[in-house]
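Analysis of the macromolecular model
Spelled out from the first residue to the last, the chains are:
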Amino acid sequence: MSSSPLIFSFLITLIYQAAFFSIAIWFKFDKVTDFAGTTNFILIAIVTFLLYSTFEIRQIIVTLMIIIWGIRLASFLLNRILAWGHDNRFNKIRTNIVRFAIFWLIQALWCWIGCLPLTLLNSSNLTNYQKIPLSKLELLSIFLYSFGLIFESISDSIKLNFKSEKKNKDKWCNIGPWSWSRHPNYFGEITLWWAIFLSTAQIHYNNSLSTLLIALLSPLFITFLLLFLSGIPLLEKSANFKFGTLKEFKNYKQSTSILIPFPPSLYVQFPTFVKKFIFLDFDRYNQIKK
């Protein structure tokens, strides 16, 4: 395994994120942040495909997976921030250059690590695979990716439409997939990134175990970010602050899975340890200040 594609994609990411960080910090501008992150994935996908790939069907498919995901999410997030005008995540760090820079550094790591399975795949010589049909695992991965992407897209759209209605200004979204999961969009996101990894796993394993383990960092890191850092914790903290004293909201949390969609009538009956260790509804998500 050559390290040059990994180093090159890392340098591209640093330069790209530094450019947008400069714009954001200079103009105190939130509208480029998510756009810079998602389009960075597209940039890495295109560059590594054109420079390193052997244009084998597997490389084409996974490259398209990243590009389609990036275009969908970038357009959604850009439209949302243009409608909202600012991003509440940065209210406390926007004027602190060190804390703001740390956020952008984490975003750069998200982009680079997230693309590891694709970078490694595109930098592999797959000429020997050209006459080999897609395996069952690869076909399953394409299905899981499609499911995750569609599920995330529907969840995002439903919540955005819900929040855009004035009558729902001070309400939490609990319709559609949000009635079975408090974060169905993140369930879709995590699903599709594990699918991307699985679609490349056999080839990486055939190259070397170390290549497979490096690629594995992608879904692990993205899952960690959403579960413990920038995703669910921030949204749960915000929701607990806004609605934590309401009985209806407490009932919603008790009967609705944190991530994995599940019928509320059944979920509410599970003991606490099942909700924690099977459904990942950790105590940190339920800290409500009275």
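Our subject is the structure that appears above.
Every value quoted in this text rests on a predicted model; they were computed, and no experiment measured them.

1. What to know about the packing of helix α8 (residues 209-229) against helix α9 (residues 232-243)
When two helices pack together, their arrangement is given by the angle between the helix axes and the distance between those axes. Where α8 meets α9, the axes come as close as 4 Å, and the angle between the chain directions of the two elements is 20°. On the basis of the axis angle, α8 is roughly parallel to α9. Across from Leu226, Leu227, Phe228 and Leu229 in α8, the residues of α9 making contact are Ile232, Pro233 and Leu234. Considered class by class, the residues forming the contact of α8 with α9 number seven nonpolar, no polar and no charged.

2. A look at the nonpolar core
Of all hydrophobic cores here, the largest spans 47 residues; its most connected members are Phe41, Trp69, Trp110, Tyr145, Trp193, Ile196 and Leu259. Contributions of two or more residues to this core are made by α2 (33-52), α3 (57-84), α4 (97-114), α5 (116-122), α6 (136-164), α7 (184-207) and α8. Here this core gets ten residues from one element, more than from any other, and that element is α7. Aside from chain neighbours lying at most four places away, what touches Leu259 is Ser181, His183, Tyr186, Phe187, Ile190, Leu227, Ile232 and Leu280. Residues Phe20, Ile25, Ala36 and Trp104 belong to the second largest nonpolar core, which totals nine residues.

3. Quick word on the pattern of salt bridges
What the rule picks out here adds up to nine salt bridges. As a salt-bridge pair, Glu152 and Arg72 come within 3.6 Å of each other at their nearest N and O atoms. Note that Glu152 is positioned in helix α6 and Arg72 in helix α3, a separation of 80 residues in sequence. As far as the burial class goes, Glu152 and Arg72 line up, both buried. Note that Lys167 is salt-bridged to Glu165, the shortest N-O span being 3.7 Å. A residue is classified by how much of its surface remains accessible, and Lys167, at 62% relative accessible area, is exposed. The partly exposed category is assigned to Glu165, whose relative accessible area is 36%.

4. Quick look at α9
Taking 1.5 Å of rise per residue, the twelve residues of α9 would be expected to cover 16 Å, and the 16 Å separating its terminal C-alpha atoms lies within 8% of that figure. Those residues of α9 lying buried are Ile232, Pro233, Glu236, Ala239, Asn240 and Phe243. An end-on view of α9 places all buried positions within 135° of arc, on one side of the element. Structural note: α9 exposes Lys237, Phe241 and Lys242 on the side pointing more than 90 degrees away from its buried face. Contacts made by the buried residues of α9 are with α7, α8 and α10 (247-255).

Reading the values: rules and limits
Within any chain, residue numbers begin from 1 and follow the written order of that chain's sequence. Local features are withheld for residues below a pLDDT of 70 in this predicted model, meaning they are given only at 70 or higher, and side-chain atom pairs are given and counted only at 80 or more; totals for whole chains, interfaces and linings count all residues. Excluding hydrogens and water, the side-chain values take into account all heavy atoms of the structure. Axis angles are defined between N-to-C directions and span 0 to 180 degrees, where every axis is a line fitted to C-alpha atoms and, for a helix, only to the segment in contact. Each helix is a run of DSSP H or I of at least 4 residues and each strand a run of E of at least 2, with the numbering of both proceeding from the N terminus. Convention used here: angles under 35 degrees read as roughly parallel, angles over 145 as roughly antiparallel, angles from 65 to 115 as roughly perpendicular, and any remaining angle as oblique. Here, two residues are considered to be in contact whenever any of their heavy atoms come within 4.5 Å of each other. Side-chain classes are defined by residue name, with Ala, Val, Leu, Ile, Met, Phe, Trp, Tyr, Cys and Pro counting as nonpolar, Asp, Glu, Lys and Arg as charged, and the others, Gly among them, as polar. Throughout this description, the term nonpolar core refers to a set of buried Ala, Val, Leu, Ile, Met, Phe, Trp, Tyr and Cys residues connected via side-chain atoms within 4.5 Å. Only protein chains enter the accessibility calculation, which uses a 1.4 Å probe. A residue is then buried if its area is under 20% of the maximum for its type, exposed if over 50%, and partly exposed in between. What makes a salt bridge here is a side-chain nitrogen of Lys or Arg within 4 Å of a carboxyl oxygen of Asp or Glu, nothing more. To estimate how far a helix should extend, the number of its residues minus one is multiplied by 1.5 Å. Taken from the helix axis, the directions to the C-beta atoms give the arc we talk about.

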